[in-house]
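# Working through the structure, step by step
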Amino acid sequence: MTLPTEPIGSIPRPGYLIDGLGAFAAGRIDAAALAELESRALADTISRFEETGSPVVSDGEQGKPSFATYPLAGLTALAADGVVIPFADGHTRQLPRLTAGPFRYATHADSYLTRAKALTDKPVKQAVIAASAISLIYPGDGIDGYPQEQFVADLVNEAEADIRRSLDAGAHRVQIDFTEGRLSLKLDPSGGLLRQFVDLNNAVLERFTAEERAKIGVHTCPGGDQDSVHSLDVDYAGLLPALFELKAGNFYVQLASEAEPAAALEVIRDHLGADQRIFVGVIDPIDPRVETPEEVRDRVVAAAKYLPADRLGTCDDCGFSPFADDTSTSRDIAFAKIRARVEGTSLAAEQL
């Protein structure tokens, strides 16, 4: 048998691109110069993906400012004082705050996909941000003349377009990043916020046919940034049943860094839908040690004790550098881990 294996998202940017992003922010280079650096990094990323033997590649998010905020890059109706996301090591990330409507995406993900597809014959996967994450930019005290109900309607339209444009552009898979799912249970232990997130994301997913949803996936993890996380201390059992209510055909679930993966696998087994495929995380992007193919194999075989092998796949737990300025992991380590995932998945397929 064969087991599908896919990357999740970001690859650490090379030093020249990180320097270029700083120079662009400071006004020392223009957008055209930055685009040249991004193109150079993209070509190298695709080439190195292919060298790992990965059957599916991605752009590594080389052109994204972050996995979460790419649709907002260039919008002017934003203030800097939005929702703050705290990480376990004490550092924070802050989302912008919307100041006026109507809300529209400034950038759609198919722009990244098209550039990547021009550089490879391999299937290319495209990550998009969940509508639930973008919903956090609407201020709690509202916006005069732009009620929250209208913002949500606009957001659902934009999130649908983001997915649909990538499907139409030939994405192998469109992955919705839903890292705020687990975080929501820290912000609201009652589960009310998680329920709102699931309902909002389903309002988007319901606009697609069953055939289209078979090419759409949802990724969950406890958030990864600068070798830290924001919600690993939240019990997975609170998230996973609601996660599989999402009307998608594929689920990418962080497990390699989970303290009790067997407990999570039991919940997944009990809630995975008959038409859903599960990609288990077998690589921990935060751990600097490169896993061996044999370790990956063993993680897959352990998962197969709970889940049907014909609906099983593998992935990394998370992107390696979800925010462009995160240099906590090197490109060399990231690609070594990806190679281990590819080779270990093959070993598991042979054993299963």
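Now for a quick tour of the structure.

What counts, and where the lines are drawn
- Residues numbered from 1 in each chain as written.
- Predicted model: local features only at pLDDT ≥ 70, side-chain atom pairs only at ≥ 80, totals over all residues.
- Heavy atoms only, no water.
- Core = buried A, V, L, I, M, F, W, Y, C linked by side-chain atoms within 4.5 Å.
- Buried < 20%, exposed > 50% of the residue type's maximum accessible area, 1.4 Å probe, protein only.
- Helix = DSSP H or I, 4+ residues; strand = E, 2+ residues; numbered from the N terminus.
- Salt bridge = Lys/Arg side-chain N within 4 Å of Asp/Glu carboxyl O.
- Axes fitted to C-alpha atoms, helices over the stretch in contact; angles between N-to-C directions.
- Parallel < 35°, antiparallel > 145°, perpendicular 65-115°, else oblique.
- Left-handed = near helix turned anticlockwise from the far one by under 90°.
- Contact = heavy atoms within 4.5 Å.
- Nonpolar A, V, L, I, M, F, W, Y, C, P; charged D, E, K, R; others polar.
- Disulfide = S-S within 2.5 Å.
- Pairing = 2+ DSSP bridges.
- Phe/Tyr/Trp six-rings, centres within 6.5 Å; stacked < 30°, edge-to-face > 60°.
- Lys NZ or Arg CZ within 6 Å of the ring centre and 35° of its normal.

### A short note on the nonpolar core
By size, the foremost hydrophobic cluster in this structure holds 83 residues, and its most contacted members are Phe103, Ile268 and Ile278. The dominant element in this core, judged by the number of residues it contributes, is helix H7 (residues 192-205), at seven residues.

### Regarding the pattern of salt bridges
Counted under the stated rule, the structure contains 24 salt bridges. A salt bridge links Asp225 to Arg93; the shortest N-O distance between them is 2.8 Å. Here the residue Asp225 occupies a position in the loop between strand E8 (216-220) and helix H9 (240-243), and Arg93 occupies one in strand E4 (residues 92-94), the gap between them amounting to 132 residues. The pair formed by Asp225 and Arg93 is uniform in burial state, with each residue classed as buried. In this structure, Glu258 engages Arg182 in a salt bridge whose closest nitrogen and oxygen atoms are separated by 3.1 Å. Here Glu258 is found in the loop between strand E9 (250-253) and helix H10 (261-271), whereas its partner Arg182 is found in helix H6 (residues 180-187), with 76 residues between them in sequence. Of the two residues examined, Glu258 and Arg182, each falls in the buried class. Counted as one network, the salt bridges with shared partners bring together Glu160, Arg164, Arg207 and Glu212.

### Digging into the packing of helix H11 (residues 293-303) against helix H12 (residues 331-351)
Where H11 contacts H12, the two axes come as close as 7 Å, and the packing angle between them is 50°. Classified by the angle their axes make, H11 and H12 are oblique. In this structure, H11 meets H12 at a crossing whose hand is right-handed. Facing Pro293, Glu294, Val296, Arg297, Val300 and Val301 of H11, the residues of H12 in contact are Ala340, Arg341, Glu343, Gly344, Thr345, Leu347, Ala348 and Gln351. Here the residues of the contact of H11 with H12 are counted per class, giving seven nonpolar, three polar and four charged.

### Re the state of the cysteines
Across all of its chains, the model carries zero disulfides by this definition. The structure places no disulfide on Cys221, whose sulfur is separated from the nearest cysteine sulfur, that of Cys318, by 3.4 Å. Considering cysteine sulfurs only, Cys221 is the nearest to Cys315, which forms no disulfide, with 9.7 Å between them. Its relative accessible area of 0% is what places Cys315 among the buried residues.

### Structural notes on the sheet that holds strand E1 (residues 5-6)
Strand order in the open sheet made by the seven strands is E1-E11-E10-E9-E8-E7-E6, with parallel pairing throughout. Each edge of the sheet is formed by a strand with only one pairing partner; in this case those strands are E1 and strand E6 (125-129). Bridge count between E1 and strand E11 (residues 312-316): two bridges; the pairing is parallel. Paired with Glu6 across the strands is Cys315, a residue of E11.

### A word on the packing of aromatic side chains
Under the defined criterion, the tally for this structure stands at 10 aromatic pairs. Between Phe49 and Phe335, the aromatic rings sit 5.5 Å apart at their centres with planes inclined by 90°, giving edge-to-face as the arrangement. Highlighted residues: Phe49 in helix H2 (residues 31-51) and Phe335 in helix H12, separated in sequence by 286 residues. Ring-pair connections join several aromatic residues into one group, and the members of that group are Phe103, Tyr105, Tyr138, Tyr146 and Phe151. Sitting over the ring of Tyr70, Lys64 keeps its end group 4.3 Å from the ring centre. The ring centre of Tyr252 lies 3.7 Å from the NZ or CZ of Lys125, which sits over that ring.

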